[in-house]
Amino acid sequence: MVEKTITVGVNGMSYTRTVEPRMLLSDFLRQELTLTGTHVGCEHGVCGACTVLLDGRSVRSCLTLAVQVDGSEIETIEGQGEIDRLGRVQEAFRQHHGLQCGFCTPGFIMAVTDLLRHHPLESDEQIREALSGNICRCTGYENIVNAVRELARERGPLT
Amino acid sequence: MASLRYDGISGTMKPAQFDYAVPNTVEEAARLLAESNGDGKIIAGGQSLMPMINFRLVKPSILIDVNRIAGLNRIELVGKRVRIGATVRHHQTASDPLIAKHLPVVHDAMQHVAHVTVRNRGTFCGSVAHADPAAEMPMVTRFLDGTIIALSIRGERRIPAADFFVGSLVNSLEPDEMVLAVEIDVMPDEAGWGFEEFAKRHGDFALAAFAATLRMDNGRARDVRIGMMGVGEVPLRLPEIEEILEETELSQAVLQAVAEKLNDILTPNTDIHASADYRRHLSGVLAKRALRSAWVRAGGRKEATNG
């Protein structure tokens, strides 16, 4: 087994590391870069907790290898905002109480960031379908949908 | 307290060890696959392969990543066929104008595939190769009689879809072959189509799905193609149902005959999600809806099928 040296942009910073090919992107972010905001739930692509953006599109970081993103740009929850200066999506989730325990929240925030950039979110049905790849066991989704509805309204229709 | 940093102990890794290669050409990919003596795996989107690797159900000696090979991410019209390259992702297929125009039933089927995040990575050809009998891509490839283009160091081989899907998650590729593309004949412009699927959650695997294409000739259905998934070990094309419909005028009675025939011939599994009986019932319901759509889109009278 040959280790690979990769250079990855994460939230605007460049990191070079030598890793085993089998290292998942989720583990790379958490263990190599100590960016533990990306959560790992099921680790086989079902729950959506580990969602990050790869070159602007949401991906499951547990189904992506770190070596595959050599030369790419990753965005994680750490790039969204800080505790006293939340990002817009985070702020909407806070206002609408779109989280309880918070475990699934980083994945939701990153998925919603992609949705707001690329997807029509004109009805509650579209919003619910768009969110169907992320699982939340606390909220019953109502307040998450409320937050996304407000964000979609703010954004307006896609051009 | 344990450090958060990766400590180099292999036990902290989900997958077993493997080597990794990123070829720039399909020839190089085929050579690497041949050299792996059957232990290598091609990875494109990884949305089916990576879960199996994480569970160590699959332990490849080498992963050959085809994502950086130029030109594989195209959907093209080649003569009278639509060619979908090995790294075309689901979000591309679902929104591609060539697909919407020439294979509208595929366009409709793609709207049921997975979630945004999975569609961003998963590939059409990868799903076909994975051969899940409850996935849309194998189903449409099978019922439209598509062709799988396989590549190895021995050259290209064209495999008819009817010979490709041999069991649940089993295809007829040789160990040194990779899927280069899938080609599907364009539907005639005048063809009608219907695609109906039922899943418990949007984007989940189907409990059952039914697809139909047909064209109208003197008020009767012609060139009827029927496909189903989720109700067998492989994606199905159903000549028994096509026979009932061929050269007939769609009516309540014909739809009822289709539902009854489905009930006779289908042998779906009972599993945690649904019983075999429920899947058979669902098949009849979905068949009626899809056939009504196909009939009306081909120019048939809607009233004939109401009831």
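All residue numbers refer to position in the chain's written sequence, counted from 1. Written order decides the labels, with chains lettered from A and ligands numbered from 1. Local features in this predicted model are restricted to residues of pLDDT 70 or higher, and side-chain atom pairs are both shown and tallied only at a pLDDT of 80 or more, whereas totals for entire chains, interfaces and linings draw on every residue. Computation of side-chain values covers all heavy atoms of the structure but excludes hydrogens and water.

Asks: Talk me through the overall build of chain B; I want residue IDs and the actual numbers.
Replies: Summing up its helical and strand segments, chain B has 12 helices and 14 strands in all. A compact globule built from 307 residues would reach a C-alpha radius of gyration of about 19 Å, and chain B, at 21 Å, matches this within 12%. By principal-axis analysis of the C-alpha atoms, chain B measures approximately 70 × 50 × 30 Å. Burial classification: accessible surface area is computed with a 1.4 Å probe over protein chains only, and a residue below 20% of its type maximum counts as buried, one above 50% as exposed, and the rest as partly exposed. Across the 307 residues in chain B, those meeting the buried criterion constitute 54%. The criterion used for residue contact is that any of the two residues' heavy atoms lie within 4.5 Å. Put simply, 61% of the contacts in chain B that link residues at least 6 apart link residues at least 24 apart. The protein chains shown are the only cover counted for residues, whose accessible areas, like all others here, come from Shrake-Rupley with a 1.4 Å probe. Roughly 13,200 Å² of accessible area belongs to chain B as shown, and the carbon and sulfur atoms make up 48% of that amount. Only four residue types enter the tally: Lys and Arg on the positive side, Asp and Glu on the negative side, with His and both chain ends excluded. By convention, the point assigned to a charge is CZ for Arg, NZ for Lys, CD for Glu and CG for Asp. Averaging the positions of the 35 positive and the 39 negative side-chain charges in chain B gives two centres separated by 4 Å. What counts as a helix is a DSSP run of H or I of at least four residues, what counts as a strand is a run of E of at least two, and both are numbered from the N terminus. The size measure is the radius of gyration over C-alpha atoms, and the globule rule it meets is 2.2 Å times the number of residues to the 0.38 power.

Asks: Describe the domain arrangement of chain A, listing the residues and the values that go with them.
Replies: Residues and elements named next belong to chain A. Each assigned domain of chain A is listed here: domain 1 (4-78) and domain 2 (88-154). With 18 residues of domain 1 in contact, the opposing surface of domain 2 contributes 16 residues. The term salt bridge refers to a pairing of a side-chain nitrogen on Lys or Arg with a carboxyl oxygen on Asp or Glu at a separation within 4 Å. Where domain 1 meets domain 2, there are one salt bridge. Residue R117 is joined to E75 by a salt bridge in which the shortest nitrogen-to-oxygen separation is 2.9 Å. Counting of polar contacts relies on pairs of N or O atoms within 3.5 Å, with two restrictions inside protein: one atom must be capable of donating a hydrogen and the other of accepting it, and residues adjacent in sequence are counted only when both atoms are side-chain atoms. The tally of links from domain 1 across to domain 2 stands at six residue pairs in polar contact (both at pLDDT 80 or more). Elements represented by at least two residues in the side of domain 1 that touches domain 2 include exactly β3 (51-54) and β4 (57-60). Classifying every residue of the side of domain 1 that touches domain 2 gives seven nonpolar, eight polar and three charged. An automatic or database domain assignment provides the domain bounds reported here. For this classification, the nonpolar set comprises Ala, Val, Leu, Ile, Met, Phe, Trp, Tyr, Cys and Pro, the charged set comprises Asp, Glu, Lys and Arg, and every other residue, Gly included, is treated as polar.

Asks: Requested: an account of the pairing of β3(A), with residues and values cited.
Replies: Where a strand is regular, its side chains alternate between the two sheet faces. Residue and element names in this part refer to chain A. Burial of β3 is two-sided: the residues T51 and L53 facing one way and the residues V52 and L54 facing the other way are all buried. Of the strand pairs in this sheet, β3 and β4 are connected by four bridges, and their pairing is antiparallel. Bridge pairing in β4 links L53 to S58. By this definition, two strands are paired if DSSP reports at least two bridges between them. Where β3 hands over to β4, the hairpin turn is made up of two residues, of which D55 adopts a positive phi near 45 degrees.

Asks: Account for helix α3 (residues 105-118) of chain A, with residues named and values stated.
Replies: To estimate how far a helix should extend, the number of its residues minus one is multiplied by 1.5 Å. Look at α3(A): 20 Å from first C-alpha to last across 14 residues, which is about the 20 Å you get at 1.5 Å a residue. With 12 of 14 residues buried, α3(A) is to be regarded as a mostly interior element.

Asks: Explain the state of the cysteines to me, and be specific about the residues and the numbers.
Replies: Residues and elements named next belong to chain A. Here, the term disulfide refers to a pair of cysteine sulfur atoms separated by no more than 2.5 Å. Applying the stated criterion across every chain yields a total of zero disulfides over all chains. Just so you know, C104 is unpaired, no disulfide at all, and the nearest cysteine sulfur is the one on C136, 3.8 Å from it. The structure places no disulfide on C138, whose sulfur is separated from the nearest cysteine sulfur, that of C101, by 3.8 Å.

Asks: A description of the environment of B:N171 should follow, citing residues and the corresponding values.
Replies: All names here are of chain B. Residue position: N171 is located in strand β9 (residues 170-171). It is 6.6 Å that separates the C-alpha atoms of N171 and A129, two residues lying 42 residues apart in sequence. From its side chain, N171 meets the backbone oxygen of A129 in a polar contact 2.8 Å long. At 2.9 Å, the side chain of N171 and the backbone nitrogen of L173 are in polar contact.

Asks: Go over helix α12 (residues 276-297) of chain B, please, and point to the residues and values.
Replies: All names here are of chain B. Taking 1.5 Å of rise per residue, 22 residues should cover 32 Å, and α12 covers 31 Å from first to last C-alpha, within 8% of that figure. Those residues of α12 that sit buried are A276, R279, R280, L282, S283, G284, L286, A287, A290, L291, A294 and W295. Within two residues after α12, G299 carries a phi angle of roughly 105 degrees, on the positive side.

Asks: I'd love a proper account of the interface of chain A and chain B, names of residues and values included.
Replies: Facing 38 residues of chain A, the contacting portion of chain B comprises 35 residues. Both faces considered, chain A and chain B share a buried interface measuring about 3,300 Å² in area, 54% of it formed by carbon and sulfur atoms. It is A:R22, A:L63 and A:Q68 in chain A that bury the most area against chain B; as a group they hold 23% of the surface buried on that side. Our count for the contact surface shared by chain A and chain B stands at zero salt bridges. Remark: the boundary between chain A and chain B carries 13 residue pairs in polar contact (both at pLDDT 80 or more). Among the secondary structure elements, those contributing two or more residues to the side of chain A that touches chain B are α1 (25-32), β3, β4, α3 and α4 (124-130) of chain A. In terms of residue class, the side of chain A that touches chain B is made up of 15 nonpolar, 11 polar and 12 charged. Buried area is understood as the total, over both parts, of accessible area removed when two parts are fitted together, assessed with a 1.4 Å probe.

Asks: Residues and numbers for the packing of helix α11 (residues 252-265) of chain B against α12(B), please.
Replies: Residue and element names in this part refer to chain B. An axis is simply a line fitted to the C-alpha atoms; with a helix, the fit covers only the stretch in contact. Between two such axes, the angle follows the N-to-C directions and lies from 0 to 180 degrees. Close contact between α11 and α12 brings their axes to 9 Å; oriented N to C, the two are set at 145 degrees. Once α11 is placed against α12, the crossing between them reads as right-handed. In contact with Q252, L255, Q256, V258, A259, L262 and N263 of α11, α12 contributes R280, S283, G284, A287, K288, L291 and R292. For a crossing to be left-handed, the near helix must be turned anticlockwise from the far one by less than a right angle; the clockwise case is right-handed.

Asks: Tell me what's going on with the nonpolar core, and back it up with residues and numbers.
Replies: Among the nonpolar cores identified, the biggest contains 72 residues, and B:F124 and B:F210 are the most heavily contacted of them. Each of domain 2 (75-185) and domain 3 (192-305) of chain B accounts for three or more of the residues forming this core. Residues belong to a common nonpolar core when they are buried Ala, Val, Leu, Ile, Met, Phe, Trp, Tyr or Cys residues joined through side-chain atoms within 4.5 Å. Counting 32 residues, the second-largest nonpolar core is a separate cluster that includes A:V8, A:V19, A:L54 and A:V59.

Asks: I'd like a description of unusual backbone geometry, backed by residues and values.
Replies: All names here are of chain B. Even without being a glycine, N218 presents a positive backbone phi close to 50 degrees. Here N218 lies in the loop between β12 (208-217) and β13 (220-229). A positive phi angle, near 60 degrees, is found at E247, a position not held by glycine.

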